[in-house]
Amino acid sequence: GRVIAPDASPSPVAGSITPLFEPRKEMRKLIQEVSAFARRYRRNFTVITQNGLALLTKSDSGDDTQALPARTYMRSIDGVLQEALFYGLPEMDKPTTKDRRDALLKLAGVGKQNGLKVLTLDYAKTPKAVDAAYKLGRAKGLVSFVAPAVGLEINTVPRYPRHPASANSTSIISLKSIKNFLYI
């Protein structure tokens, strides 16, 4: 038989190797295409992404430590919904870790600064944790919903609080005017 030895010659390409596929860039592109398609048929179509706060920034091509706002992407969406920003990760009724919360709040700030509505979906059952989650969201100017279950288990209107948090008595004409929401 024939023995094939690896080529010991140096690679003809010098420098760092850039990936052929950048998942965040591709996801931004997909969402922009969906948004453009939908708005071609319904101009006021609302696009809200879920758990995509990391898509709001992109790295500077010359400096990987520098994050820049992904403005073209943000113009194609109306809002972002982030799960377990304040409560529910690692588990129901438990506060989210400070590191995770701080990183997500920084990204949420980028969204707010660029005109996006930022919604939170936290997970808590006990009145104390539910109240804390709503209070934290309000303090940051976010629109919150606290679910008493996770994932597919979210299938009813919560029994607590008895009345919707941050009820809005005015007519809702766009995402910009909401004060609360229900996630089922």
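Shown above is the structure to which this text applies.
Since the model is a prediction, treat every value here as computed from it, not as a measurement.

A.B. asks: Looking at this model, I keep getting lost on the side chain of Ser-144. Mind explaining?
C.D. replies: In this structure, Ser-144 sits in strand S6 (residues 143-147). Its relative accessible area of 6% is what places Ser-144 among the buried residues. For Ser-144, the residues in contact, after removing those within four places along its chain, are Thr-120, Ala-133, Tyr-134, Gly-137 and Phe-181.

A.B. asks: Whenever I open this one, the environment of Ser-144 confuses me. Can you help?
C.D. replies: Each C-alpha atom of the pair Ser-144 and Ser-166 lies 8.8 Å from the other, and the pair is 22 residues apart in sequence. Here the side chain of Ser-144 touches Thr-120 through a polar contact of 2.8 Å, side chain to side chain.

A.B. asks: When you look at the nonpolar core in this model, what are you seeing that I'm missing?
C.D. replies: Generally speaking, soluble globular proteins have nonpolar side chains that are buried together. Within the largest apolar cluster, 41 residues are counted, with the highest numbers of intra-cluster contacts made by Leu-53, Leu-56, Tyr-73, Ile-77 and Val-80. Going through the elements one at a time, helix H2 (71-75), strand S4 (79-83), helix H3 (98-113), strand S5 (117-123), helix H4 (127-139) and S6 are the ones with two or more residues in this core. Element by element, the count of residues in this core is highest for H3, at five residues.

A.B. asks: Is there a simple way to explain a nonpolar patch on the surface in this structure?
C.D. replies: A grouping of Met-27, Leu-30 and Val-34 is seen on the molecular surface, where their side chains present a nonpolar patch of about 260 Å² in accessible area. Secondary-structure assignment places Val-34 in helix H1 (residues 23-41).

A.B. asks: How should unusual backbone geometry be read in this particular structure?
C.D. replies: Along the chain, Leu-89 connects to Pro-90 via a cis peptide bond; the corresponding omega equals 25 degrees. With respect to the helices, strands and loops of the structure, Pro-90 is situated in the loop between S4 and H3. The omega angle of the peptide bond from Tyr-160 to Pro-161 is -5 degrees, so this bond is cis rather than trans. Along the chain, the position of Pro-161 falls in the segment after S6.

A.B. asks: What should I look at first to understand H3 in this one?
C.D. replies: Each full turn of the α-helix corresponds to 3.6 residues, which orients residues three or four apart in the same direction. Taking 1.5 Å as the rise per residue, H3 with 16 residues should run 22 Å; its terminal C-alpha atoms sit 22 Å apart, in good agreement. The complete set of buried residues in H3 reads Leu-104, Leu-105, Leu-107, Ala-108, Val-110 and Gly-111.

A.B. asks: Quick question: what am I supposed to make of the environment of Leu-116 here?
C.D. replies: Inspection of the secondary structure assignment puts Leu-116 in the loop between H3 and S5. Owing to a relative accessible area of 7%, Leu-116 belongs among the buried residues under this scheme. On a C-alpha basis, the gap between Leu-116 and Lys-176 in space is 8.2 Å, while along the polypeptide they are 60 residues apart. When neighbours within four sequence positions are excluded, Leu-116 is seen to be in contact with Leu-56, Met-74, Ile-77, Asp-78, Gly-79, Val-80, Gly-111 and Lys-176.

A.B. asks: Teacher, can you tell me more about the packing of aromatic side chains here?
C.D. replies: The geometry of an aromatic ring pair is captured by the separation of the ring centres together with the interplanar angle, meaning the angle of the planes. Applying the stated criterion across every chain yields a total of two aromatic pairs. Plain terms: the ring middles of Phe-145 and Phe-181 are 5.8 Å apart, the flat faces sit at 50 degrees to each other, and that makes the pair tilted. A residue pair is termed long-range when its members are at least 10 positions apart, and Phe-145 in strand S6 and Phe-181 in the segment after S6 qualify at 36 residues. For Phe-181, a relative accessible area of 17% translates into the label buried.

A.B. asks: Is there a simple way to think about a positive patch on the surface in this case?
C.D. replies: Taken together, Lys-25, Lys-29, Lys-58, Arg-71 and Arg-75 make up a surface patch of like positive charges. Secondary-structure elements contributing two or more residues to the positive patch are H1 and H2. Structurally, the position occupied by Lys-58 is in strand S2 (residues 57-60). Assessed through its relative accessible area of 41%, Lys-58 is described here as partly exposed.

A.B. asks: Quick question: what am I supposed to make of the sheet that holds strand S1 (residues 48-50) here?
C.D. replies: In sheet architecture, strand pairing relies on hydrogen bonds along the backbone and comes in two forms, parallel and antiparallel. Spatially, the four strands line up as an open sheet ordered S1-S4-S5-S6, and their pairing is parallel. Single-partner strands in this sheet number two, and they are S1 and S6. The average angle at which neighbouring strand axes cross in this sheet is 20 degrees, direction not considered. Two elements, S5 and S6, share five bridges in a ladder whose sense is parallel. The residue of S6 that forms the bridge with Tyr-123 is Ala-147. Sheet contacts for H4: S5 and S6; angle to S6, the most-contacted strand, approximately 165 degrees.

What counts and how
- Residues numbered from 1 in each chain as written.
- Predicted model: local features only at pLDDT ≥ 70, side-chain atom pairs only at ≥ 80, totals over all residues.
- Heavy atoms only, no water.
- Helix = DSSP H or I, 4+ residues; strand = E, 2+ residues; numbered from the N terminus.
- Buried < 20%, exposed > 50% of the residue type's maximum accessible area, 1.4 Å probe, protein only.
- Contact = heavy atoms within 4.5 Å.
- Polar contact = N/O pair within 3.5 Å; in protein donor to acceptor, adjacent residues only side chain to side chain.
- Core = buried A, V, L, I, M, F, W, Y, C linked by side-chain atoms within 4.5 Å.
- Patch = residues over 30% accessible without salt bridge, like charges linked within 9 Å, V, L, I, M, F, W, Y side chains within 5 Å.
- Areas by Shrake-Rupley, 256 points an atom, 1.4 Å probe, with all protein chains shown as cover.
- Salt bridge = Lys/Arg side-chain N within 4 Å of Asp/Glu carboxyl O.
- Expected span 1.5 Å × (residues − 1).
- Phe/Tyr/Trp six-rings, centres within 6.5 Å; stacked < 30°, edge-to-face > 60°.
- Lys, Arg positive; Asp, Glu negative; His and termini not counted.
- Charge placed at Lys NZ, Arg CZ, Asp CG, Glu CD.
- Pairing = 2+ DSSP bridges.
- Axes fitted to C-alpha atoms, helices over the stretch in contact; angles between N-to-C directions.

Shape is all these values report; function is a separate question.
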